[in-house]
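One-letter residues, chain by chain:
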Amino acid sequence: MVCRVLVSANLLVGGVVAIGQESSRLPDAPSASQTQAGPSSVAQSVPPHEPSKNHILWIIPNYRSDENAAEIKPLTPAEKMKVALDDSFDPSAFLVAGIFAGLSMAQKQYSSFGTGAQGFGKYYGGALADQAIGNIMSEGLFPVAPHQDPRYFVKGTGGFWKRTEYAISREVITRGDDGHNHFNTSELAGNAVAAGISNLYYPAVNRSFGNTANKAGTTNSPGYLLQCGKRVLA
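Residues numbered from 1 in each chain as written. Predicted model: local features only at pLDDT ≥ 70, side-chain atom pairs only at ≥ 80, totals over all residues. Heavy atoms only, no water.

A. Region of interest: the nonpolar core. Ranked by size, the top nonpolar core spans 10 residues in total: Val96, Ala97, Phe100, Ala101, Tyr110, Phe113, Tyr123, Ala127, Leu128 and Tyr202. Contributing elements (two or more residues each) for this core: α5 (91-106) and α6 (116-141). Dropping the residues within four chain positions of it, Tyr202 is found in contact with Tyr110, Phe113, Gly126, Ala127, Asp130, Arg207 and Lys215. (Core = buried A, V, L, I, M, F, W, Y, C linked by side-chain atoms within 4.5 Å. Buried < 20%, exposed > 50% of the residue type's maximum accessible area, 1.4 Å probe, protein only. Helix = DSSP H or I, 4+ residues; strand = E, 2+ residues; numbered from the N terminus. Contact = heavy atoms within 4.5 Å.)

B. Spatial organisation of the environment of Ser198. One can find Ser198 in the loop between α8 (185-197) and α9 (209-217). For Ser198, a relative accessible area of 1% puts it in the buried group. Look past the residues within four positions of Ser198 in its chain and what remains in contact with it is Asp130 and Lys215.

C. Just the packing of α6 against α8, in detail. The N-to-C vectors of α6 and α8 enclose an angle of 145°; their axes lie 8 Å apart at closest approach. Viewed along their axes, α6 and α8 form a crossing whose handedness is right-handed. Note on element contacts: α8 touches α6 through Ser186, Glu187, Gly190, Asn191, Val193, Ala194 and Ile197, opposite Ile133, Gly134, Met137 and Ser138. (Axes fitted to C-alpha atoms, helices over the stretch in contact; angles between N-to-C directions. Left-handed = near helix turned anticlockwise from the far one by under 90°.)

D. Structural context of unusual backbone geometry. Positive phi, normally seen in glycine, also occurs at Lys108, with a value near 55°. Structurally, Lys108 can be placed in the loop between α5 and α6. For Lys108, a relative accessible area of 63% translates into the label exposed. One non-glycine residue, His147, lies in positive phi territory at about 55°.

E. Looking closely at the pattern of salt bridges. Scanning all chains against the criterion turns up three salt bridges. Between Lys80 and Asp177 there is a salt bridge, with the nearest N and O atoms lying 3.0 Å from each other. Here Asp177 lies in the loop between β5 (173-175) and β6 (181-183) and Lys80 lies in helix α4 (residues 77-89), a separation of 97 residues in the sequence. A relative accessible area of 2% means that Lys80 is categorised as buried. With a closest N to O distance of 2.8 Å, Lys82 and Asp86 form a salt bridge. Taken as a pair, Lys82 and Asp86 lie in helix α4 at a separation of four residues, close to a single helical turn. A relative accessible area of 51% places Lys82 in the exposed class. A relative accessible area of 23% places Asp86 in the partly exposed class. (Salt bridge = Lys/Arg side-chain N within 4 Å of Asp/Glu carboxyl O.)

Right, dumping it as structure tokens:
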């Protein structure tokens, strides 16, 4: 359901982004009058900071998207890990974890966590750990060995449904460091390992193979919902 809401929001976000991009364009080279204007003119020409550049709806952290597909350079292992850490520990990531924690608590997904502030704290800790571990595995560690790029390259052409179809396809297809399409091993394997690790901090009664597989690759996983939403809205 969360994915459907995020997909429908793409129309609104696309319009806002297009307006923002149009208003922030600068000429390729300064004119003669600009060159003679002095330091004060140069200072005024600096574009303002865009707080939403690495966020979706100014809230959801999204350091994976890259619109410069024509000038792609492979990331080093350290750069891949930086993408994962930025996604995991951006200030807004703590707010997003709170939202998922509230949803899980409302559904009594882990009844042994209890209720009240203490119960919410346990749900919150689990949601934050899910996000961070999933990002580090699928964006930082697993892309290194198969030489895959953890970034999501935005489809700049096509209508809404074409862009949505492309976004969904990135669950199983990713770009390799060689510039070719690869089976998205890093995303799928990374999420599977992250789901296995989550058994260390979730109640023992929920540590079944079925529940672990469910968290690894279905829409019940907060990590899956975040990645799905980011790709559709990016």
